[in-house]
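Each chain, written out:
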Amino acid sequence: MRVLVVEDEHVLADAIAEWLREETHAVDLAHDGEAALERLAVNDYDVVVLDRDLPRVHGDDVCKELVASDSAARVLMLTAAAQLDDRVTGLSLGADDYLPKPFAFPELAARVLALGRRSRPAAPPVLRRAGITLDPARREVFRDGRFVPLARKEFAVLAELLRAQGGVVSAEHLLEKAWDEHADPFTGAVRLTVLKLRRKLAEPAVIETVQGVGYRIG
C-alpha cells in the first residue's frame, strides 16, 4: 500500500515510516500540513497517518481538505490529546480512525493495514489465487503449501497483483503502490521485481505479462 505519514516530530515520523516500510508499505513523509496537501494533490494514497497538531496548516484542515476532495484515502489521526471530546472531534472531521499518543507501533501498523483494506474495493484479510496464499498481517506467502520467502518490494507487488483478482495491473500502478515518491518512473524496478517473483514462485508460471499493458495472475 501507499501511505503518507504527516508528523512534525521528525524522529517520530522517521520511526513510523521505518516501521511501516518493514510491513512492506511504500511510505512518503511530510512534516507540516502544507507539505501534506502538496503530496496529496499529486499522489494517490491508500492511508494517511495524520498528526492533528501540525504547523502551517492544522491537521484538522488537512483532513477536511482530503474529505472534500473525495479521495479514497483513509485517515488515521494521531494526537497527544486523549480526551473523548478530542476523539469525537477528530472523527467528526472525517478521520476514519483515531490513535492517541503514545502508541504501540504494532497497533499503529495493524490499524493502517485494516484501513488500507477499506480504501479500495474490499479485499479479504488473506489473498488467494492460483495456488498462492498471501497473508498481509503475517507477511507470509505460500505457493501450493510451500513457504515462499519474499523481499519487501516483491511482497508488495504480489499483493497488488492478487488484489486485482485476475485483472491486469499496469507497471505504473505497481510503481505507485510499492515504491515511494523518490522512485524513478523510468526505472526497470517493476520488471526486475516481477522477474524475481516468477523465479521464487517457481513453475508452473502464474504471473502473465500482457504486452504493452501490464501483468496479471490468471
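Residues numbered from 1 in each chain as written. Predicted model: local features only at pLDDT ≥ 70, side-chain atom pairs only at ≥ 80, totals over all residues. Heavy atoms only, no water.

Brief notes about the domain arrangement of the protein chain
Line of reasoning, step 1. Along its sequence, the protein chain is organised into domain 1 (2–117) and domain 2 (127–217).
Line of reasoning, step 2. Computed from C-alpha coordinates alone, the two centres of domain 1 and domain 2 are separated by 26 Å.
Line of reasoning, step 3. Regarding the contact of domain 1 and domain 2, the summed buried area is about 1,300 Å², with carbon and sulfur atoms giving 41% of it.
Line of reasoning, step 4. Of all residues in domain 1, the largest losses of buried area upon contact with domain 2 belong to R2, T24 and L113, amounting jointly to 37% of the total for that side.
Line of reasoning, step 5. Taken together, the connections running from domain 1 to domain 2 amount to four salt bridges.
Line of reasoning, step 6. At the boundary of domain 1 with domain 2, the tally comes to five residue pairs in polar contact (both at pLDDT 80 or more). (Domains from an automatic or database assignment. Buried area = accessible area lost by both parts, 1.4 Å probe. Salt bridge = Lys/Arg side-chain N within 4 Å of Asp/Glu carboxyl O. Polar contact = N/O pair within 3.5 Å; in protein donor to acceptor, adjacent residues only side chain to side chain.)

A closer look at the pattern of salt bridges
Line of reasoning, step 1. Under the definition given, this model contains 17 salt bridges.
Line of reasoning, step 2. Taking the shortest distance from any N to any O, the salt bridge between R2 and D28 comes out at 2.8 Å. Taken as a pair, R2 in strand β1 (residues 2–6) and D28 in strand β2 (residues 26–30) lie far apart in primary sequence, 26 residues in all.
Line of reasoning, step 3. A residue is classified by how much of its surface remains accessible, and R2, at 4% relative accessible area, is buried. (Helix = DSSP H or I, 4+ residues; strand = E, 2+ residues; numbered from the N terminus. Buried < 20%, exposed > 50% of the residue type's maximum accessible area, 1.4 Å probe, protein only.)

Remarks on the pairing of strand β10 (residues 207–210)
Line of reasoning, step 1. In this structure, β10 lies alongside strand β11 (residues 214–217), joined through four bridges in antiparallel fashion. Across the sheet, T209 pairs through a bridge with Y215, a residue of β11.
Line of reasoning, step 2. Taking the residues between adjacent antiparallel strands as the criterion, β10 and β11 are bridged by three residues, where G212 takes a positive phi near 75°. (Pairing = 2+ DSSP bridges.)

Observations regarding the packing of aromatic side chains
Line of reasoning, step 1. Going through the model one piece at a time under the given rule, you end up with three aromatic pairs.
Line of reasoning, step 2. Aromatic side chains W19 and F105 sit 5.4 Å apart centroid to centroid with 25° between the ring planes, which places their arrangement in the stacked category. With W19 in helix α1 (residues 10–22) and F105 in helix α5 (residues 105–119), the pair connects residues that are 86 residues apart, well separated along the chain.
Line of reasoning, step 3. Residue W19 is classed as partly exposed on the basis of its relative accessible area of 33%.
Line of reasoning, step 4. A relative accessible area of 23% places F105 in the partly exposed class.
Line of reasoning, step 5. Note on F103 and F105: the rings are 5.7 Å apart at their centroids and 80° apart in plane angle, and the pair reads as edge-to-face.
Line of reasoning, step 6. Taken together, W19, F103 and F105 form an aromatic cluster joined through their ring pairs. (Phe/Tyr/Trp six-rings, centres within 6.5 Å; stacked < 30°, edge-to-face > 60°.)

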